[in-house]
Amino acid sequence: MIGRLNHVAIAVRDLDAACATYRGVLGATLSAPQDLPEHGVRVVFVELPNTKIEFLEPLGAQSPIAKFLERNPDGGIHHLCYEVSDIRAARDRLVAAGARVLGDGEPKIGAHGNPVLFLHPKDFVGTLTELEEVRG
Ligand code: CO
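Note that the structure is a prediction, hence the values are computed from the model and not measured. (Residues numbered from 1 in each chain as written. Predicted model: local features only at pLDDT ≥ 70, side-chain atom pairs only at ≥ 80, totals over all residues. Heavy atoms only, no water.)

## Topic: the side chain of His-39
Line of reasoning, step 1. Within the element layout of this structure, His-39 appears in the loop between strand S3 (34-36) and strand S4 (41-47).
Line of reasoning, step 2. A relative accessible area of 17% places His-39 in the buried class.
Line of reasoning, step 3. Once residues lying within four places of it in the same chain are set aside, the contact partners of His-39 are Pro-64, Lys-108, Ile-109, Gly-110 and Val-116. (Helix = DSSP H or I, 4+ residues; strand = E, 2+ residues; numbered from the N terminus. Buried < 20%, exposed > 50% of the residue type's maximum accessible area, 1.4 Å probe, protein only. Contact = heavy atoms within 4.5 Å.)

Next up, the structure:
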């Protein structure tokens, strides 16, 4: 069911510092910062030849990243995102298998303008897992 790895997300306290490290030290190509108020994050994508890294900085007081950064003050890997061709079909299959979808279970529009869902880490080997619908 899952397809390509779309991105690995890293929660960061300081987006500018993270970008400076990746651009300056690692020589990476970065996207422009983007505010996603619906998700409570500000994001930058590191563009790699085979995938992307997504930096997440908290945006607003209710950011879902804030608690993670309290537990991981240096930042750290926050989630993995896999591509699926039909996100509602994927969700229905996962729910039927007993997996927990976070939030109200309805896909939201993510940073690439595609529908996304998050799955409970306890159901997926301790890792918060995002699905993104990418129509081939
Ligand atoms: Co993501």
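Additional details are given in the paragraphs that follow.
## A closer look at the packing of aromatic side chains
What characterises a pair of aromatic rings is the spacing of the ring centres plus the angle enclosed by the ring planes.
Line of reasoning, step 1. All told, the structure shown has 1 aromatic pair when counted by the stated rule.
Line of reasoning, step 2. Here Tyr-22 and Phe-55 contribute two aromatic rings whose centre-to-centre distance is 4.9 Å and whose plane-to-plane angle is 85°, an arrangement assigned as edge-to-face. Taken together, the residues span a long stretch of sequence, with Tyr-22 in helix H1 (residues 15-25) and Phe-55 in strand S5 (residues 52-58) at a distance of 33 residues. (Phe/Tyr/Trp six-rings, centres within 6.5 Å; stacked < 30°, edge-to-face > 60°.)

## Structural notes on the coordination of the cobalt ion
Line of reasoning, step 1. Here the cobalt ion is held by the protein donor atoms His-7 (NE2), Glu-54 (OE), His-79 (NE2) and Glu-130 (OE), which lie 2.1 to 2.4 Å from it.
Line of reasoning, step 2. In this structure, the cobalt ion is surrounded by 4 donor atoms whose angles at the metal cover 87 to 175°, and the resulting shape is irregular.
Line of reasoning, step 3. If you list the donors of the cobalt ion from N- to C-terminus, the spacing comes out as H-x46-E-x24-H-x50-E. In this pair, Glu-54 is assigned in strand S5 and Glu-130 in strand S9 (residues 129-133), connecting sequence segments 76 residues apart.
Line of reasoning, step 4. Take Glu-130: its relative accessible area is 5%, and that puts it in the buried class. (Donors = N, O, S within 2.8 Å, 3.2 Å for Na, K, Ca; no water. Tetrahedral: all angles 85-135°; square planar, octahedral: opposite > 155°, others 65-115°.)

## Thoughts on the nonpolar core
Line of reasoning, step 1. Counting 12 residues, the largest nonpolar core consists of Val-8, Ile-10, Val-12, Leu-15, Ala-18, Cys-19, Ala-28, Leu-30, Val-44, Val-46, Ile-53 and Phe-55.
Line of reasoning, step 2. At the level of elements, strand S1 (5-11), H1, S4 and S5 are the ones that each hand at least two residues to this core.
Line of reasoning, step 3. It is H1 that provides the largest number of residues to this core, a total of 3 residues. (Core = buried A, V, L, I, M, F, W, Y, C linked by side-chain atoms within 4.5 Å.)

## With respect to the pattern of salt bridges
Line of reasoning, step 1. This model, assessed by the stated rule, comprises 8 salt bridges.
Line of reasoning, step 2. Residues Glu-57 and Arg-42 are paired through a salt bridge, measuring 3.9 Å at the closest nitrogen-oxygen approach. Taken together, the positions of Glu-57 in strand S5 and Arg-42 in strand S4 put the pair 15 residues apart, joining distant regions of the chain.
Line of reasoning, step 3. What makes Glu-57 buried here is its relative accessible area of 17%.
Line of reasoning, step 4. With a shortest N-O distance of 2.9 Å, Arg-100 and Asp-123 are connected by a salt bridge. Of the two residues, Arg-100 sits in the loop between helix H3 (87-96) and strand S7 (108-109) while Asp-123 sits in the loop between strand S8 (115-119) and S9, which places them 23 residues apart along the sequence.
Line of reasoning, step 5. The class for Asp-123 is partly exposed, based on a relative accessible area of 26%.
Line of reasoning, step 6. Look at the salt bridges and you will find they share partners, linking Arg-88, Arg-91, Asp-92 and Glu-106 into a network. (Salt bridge = Lys/Arg side-chain N within 4 Å of Asp/Glu carboxyl O.)

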